[in-house]
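One letter stands for each residue in the lines below.
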Amino acid sequence: GAGVSQSPSNKVTEKGKDVELRCDPISGHTALYWYRQSLGQGLEFLIYFQGNSAPDKSGLPSDRFSAERTGGSVSTLTIQRTQQEDSAVYLCASSPQFSGANVLTFGAGSRLTVL
Amino acid sequence: AQSVAQPEDQVNVAEGNPLTVKCTYSVSGNPYLFWYVQYPNRGLQFLLKYITGDNLVKGSYGFEAEFNKSQTSFHLKKPSALVSDSALYFCAVSTLTGGGNKLTFGTGTQLKVEL
């Protein structure tokens with residue numbers, strides 16, 4: 001597609017429920033990233049995928065968080081047993097390849113509210 | 001570990017006046033430096049980057065930034081601010097070595113341009 005698409009744009013859930021957030025990157029982009037934006041915390045790196053390589057999961061805050069990327073394209077971020085501190089905007093980004101010099105193109109984000 | 005500091009949570013400037021948004025970084029090796037902007041209810045957009053070469057980098061919407069290696073800074077500047085420049089600005093750093101391809105972001109600076 002023309003840009004990075006994320007869904008849902010807004011999600012309200014109850015504490016303890018599982019949620020799935022979806023990211024559809026720009027066609028042909030091999031690198032895909034997930035970040036979390038919390039008020040006053042800036043952007044926190046969660047995970048990235050590059051082609052068929054093993055993902056870098058070093059930023060996932062707990063084992064309740066997981067992510068998959070199927071067929072080198074669409075990615076799903078899953079949060080199990082959600083907690084109130086998980087409330088944030090989850091941003092997905094993609095880039096043509098895995099390089100520190102590349103510009104990331106971000107989606108509009110998925111705003112998660114855990115009641 | 002790489003890090004970015006944006007010492008000002010908010011910067012206020014009158015329209016037509018010059019603006020500066022400060023950023024300092026810490027990284028092992030040569031840095032790749034970026035500025036991104038986030039308008040209300042929208043994803044992050046790329047403004048400019050420094051990879052190598054001329055220390056003064058020009059980007060979108062009349063913004064520029066100067067890489068200063070001795071001061072480990074990459075301040076964002078614009079000669080004449082517009083009300084439409086009001087947004088949240090993020091500085092970010094990555095590097096070539098040791099998995100540093102992950103962009104590390106600062107906490108953001110809210111720029112408010114007033115008439």
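Residues numbered from 1 in each chain as written. Chains lettered and ligands numbered in written order. Predicted model: local features only at pLDDT ≥ 70, side-chain atom pairs only at ≥ 80, totals over all residues. Heavy atoms only, no water.

Overview of the overall build of chain A
What counts here: Where helices and strands are cited, they refer to DSSP runs of H or I of at least four residues and of E of at least two residues respectively, numbered from the N terminus. Atoms considered for the radius of gyration are the C-alpha atoms alone. The globule rule reads 2.2 Å times the number of residues to the power 0.38. The contact criterion used is simple: two residues touch if any of their non-hydrogen atoms lie within 4.5 Å. Under the convention used here, a 1.4 Å probe and the Shrake-Rupley method define accessible areas, while residue burial counts only the protein chains that appear. The charge count includes Lys and Arg as positive and Asp and Glu as negative, but it does not include His or the ends of the chains. One atom stands in for each charge, and that atom is NZ of Lys, CZ of Arg, CG of Asp or CD of Glu.
If you tally the helices and strands in chain A, you get 0 helices and 10 strands. The C-alpha atoms of chain A give a radius of gyration of 13 Å, which matches the 13 Å a tight globule of 115 residues would have. Each principal axis of the C-alpha atoms in chain A carries an extent, and together these give about 35 × 30 × 25 Å. Long-range contacts, defined as pairs at least 24 residues apart, comprise 56% of the intrachain contacts of chain A with a sequence gap of at least 6. When the accessible area of chain A is evaluated, it comes to approximately 5,400 Å², of which 44% is carbon and sulfur surface. Charge separation in chain A, taken as the distance between the mean sites of 10 positive and 10 negative side-chain charges, equals 3 Å.

A word on the overall build of chain B
Inclusion rule: Any residue under 20% of the maximum accessible area for its type is buried, any over 50% is exposed, and the rest in between are partly exposed; the area is computed with a 1.4 Å probe on protein chains only.
In terms of helices and strands, chain B carries 0 helices and 12 strands. Along chain B, from the amino end to the carboxyl end, the secondary structure elements read β-β-β-β-β-β-β-β-β-β-β-β. Relative to the globule expectation of 13 Å for 115 residues, the C-alpha radius of gyration of chain B, 14 Å, shows essentially globular dimensions. Each principal axis of the C-alpha distribution contributes one length, and for chain B these read about 45 × 30 × 20 Å. Here chain B holds 115 residues, and 47% of them are scored as buried. Long-range pairs, those at least 24 residues apart, make up 57% of the contacts in chain B between residues at least 6 apart in sequence. Across chain B, the centroid of the 9 positively charged side chains sits 8 Å from that of the 8 negatively charged ones.

What to know about unusual backbone geometry
A:Pro8 follows A:Ser7 through a cis peptide bond whose omega is -10 degrees. Structurally, the position occupied by A:Pro8 is in the loop between strand E1 (5-7) and strand E2 (10-13). In this model, B:Tyr61 sits at a positive phi of 60 degrees, which is unusual for a non-glycine residue. Mapped onto the secondary structure, B:Tyr61 falls in the loop between strand E7 (56-58) and strand E8 (64-68). A positive phi angle, close to 45 degrees, is found at B:Thr72, a residue other than glycine. Judged by relative accessible area, which is 30%, B:Thr72 ranks as partly exposed.

What about the pairing of strand E6 (residues 44-50) of chain B?
All names here are of chain B. Convention followed: By this definition, two strands are paired if DSSP reports at least two bridges between them.
Here strand E5 (residues 31-38) pairs with E6 via 6 bridges, running antiparallel. When the bridges of E6 are listed, Tyr-36 appears paired with Phe-46. Connecting E5 to the next strand, E6, in antiparallel fashion are 5 residues, including Asn-41 with a positive phi near 60 degrees.

Comments concerning the interface of chain B and chain A
Which entries qualify depends on this criterion: Using a 1.4 Å probe, buried area is obtained as the accessible area two parts lose upon being combined, added over both of them. Counting of polar contacts relies on pairs of N or O atoms within 3.5 Å, with two restrictions inside protein: one atom must be capable of donating a hydrogen and the other of accepting it, and residues adjacent in sequence are counted only when both atoms are side-chain atoms. Throughout this entry, Asp, Glu, Lys and Arg are counted as charged residues, while Ala, Val, Leu, Ile, Met, Phe, Trp, Tyr, Cys and Pro are counted as nonpolar. The remaining residues, Gly among them, count as polar.
At the junction of the two partners, chain B supplies 19 residues and chain A supplies 22 residues. Summed over both sides, the interface between chain B and chain A buries roughly 1,600 Å², with carbon and sulfur atoms accounting for 59% of that surface. One can count 5 residue pairs in polar contact (both at pLDDT 80 or more) joining chain B with chain A. The set of elements that each furnish at least two residues to the side of chain B that touches chain A consists of E5, E6 and strand E10 (87-95) of chain B. A per-class count over the side of chain B that touches chain A returns 10 nonpolar, 7 polar and 2 charged.

Re the environment of B:Ala65
Residues and elements named next belong to chain B. By the element assignment, Ala-65 lies in strand E8. By relative accessible area, which is 1% here, Ala-65 ends up buried. It is 9.9 Å that separates the C-alpha atoms of Ala-65 and Leu-47, two residues lying 18 residues apart in sequence. Beyond its immediate stretch of four places on either side in the chain, Ala-65 contacts Trp-35, Leu-48, Asn-55, Leu-56, Val-57, Phe-74, His-75 and Leu-76.

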